[in-house]
Structure formats: C-alpha cells, structure tokens
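In case you want the letters, here they are:
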Amino acid sequence: MTTTVLPLSGASQVTLRYRIDIAPGTRFIADEARDEPATVSLYLQRRGDNWSARGAYASYRWYVPPRGVIPLSPGEHNVTIRFDEAWTNVHGQSNRDDPAGYATALRETSRIGIAFGSAALRSHGVFATGAATFTLLHLGIR
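Here's a quick rundown of the structure. These numbers were taken from a predicted model, which means no experiment stands behind them.

Let us now look at the sheet that holds strand β7 (residues 75-82). Across the sheet, which stays open at both edges, the three strands sit in the order β7-β2-β11 with antiparallel pairing between neighbours. A single partner strand is all that each edge strand has here, and the edge strands are β7 and β11 (132-141). Averaged over all pairs of adjacent strands, the angle between their axes in this sheet comes to 15°, without regard to strand direction. Direction of pairing for strand β2 (residues 13-22) relative to β11: antiparallel, over a ladder of nine bridges. Pairing of Thr-15 across the sheet is with Gly-140, part of β11.

Okay, here's the thing in structure tokens:
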C-alpha cells in the first residue's frame, strides 16, 4: 500500500494507526521468512526509484527503525516514528552511515508505503491462513 506525499524534508514524524480483524485460528505468515513473525512497517520512497536497489538506488527507499516493525496481531495498533531516528535503506545501511542519501530521499520523497513482510525482509509479503482484514485508520505526517 502506498500513497503520494510531498517531500518530507520539513516533517518531523509519521504516525500509523490501524486495526486488524481476523477469524479465529487465523495466523499471519511472512512469504519469504516463514520462521519469522509476519510484520507491518512503513517506508518512504524517493522520486525516480527504479526498484533495482543497485548503486545509488539502494538509498531511494528507507525503512523505519526496528522499533517500528510490528508483528501482525489482531486489534488496534499505533506507532509514531520520527524522521531523525535511524532509518535504513534497502540494504540495511543506516541513515547515520549515508546521511546524504537519506537527506536527498527526504527532499525528493514521492511516496510513503506500508510494507508487509518480516523484520529481515520487510516488503516481501505476508499471507493469512484465514479471513483477515487490515484497516488503515490514520496515516499522518507532521
């Protein structure tokens, strides 16, 4: 799930609030890391990303710090992540190690997305073993 946003260079944080409803006995499974908990998290994407993650494109997508990677479970959930925290690029490199790449991504942000996967493979997908609904209640940037 993605949405178009204005550049984030002047923003301080992003908040995600959502609800998960599941049928009894339903489990979530990470597609490519089935032994790890299935998760939801956020990422931001720089304008012009070609999805290759090669060369400079490794710093076109940035993922929230580990505390913002939340195991999927029923109920209502809320998380706020500051943009001055340690976000990581596609290869796990911290914005502390690539401050120029991160600053450029914030200046040229075009999309923000909700990623389903695992802690290690954040955007690699999740499936449910039964009926499940993810409802986005709020996605706010300030």
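What follows deals with the nonpolar core. Counting 26 residues, the largest nonpolar core has Val-14, Leu-44, Phe-83 and Trp-87 as its most contacted members. At the level of elements, β2, β4 (39-46), β7, α1 (99-107) and β9 (109-117) are the ones that each hand at least two residues to this core. It is β2 that contributes the most residues to this core, four residues altogether. Every residue in contact with Val-14, bar those within four places of it in the chain, is listed here: Leu-42, Val-79, Thr-80, Ile-81, Phe-83, Trp-87, Ile-112, Leu-139, Gly-140 and Ile-141.

Conventions used here
- Residues numbered from 1 in each chain as written.
- Predicted model: local features only at pLDDT ≥ 70, side-chain atom pairs only at ≥ 80, totals over all residues.
- Heavy atoms only, no water.
- Pairing = 2+ DSSP bridges.
- Helix = DSSP H or I, 4+ residues; strand = E, 2+ residues; numbered from the N terminus.
- Axes fitted to C-alpha atoms, helices over the stretch in contact; angles between N-to-C directions.
- Core = buried A, V, L, I, M, F, W, Y, C linked by side-chain atoms within 4.5 Å.
- Buried < 20%, exposed > 50% of the residue type's maximum accessible area, 1.4 Å probe, protein only.
- Contact = heavy atoms within 4.5 Å.

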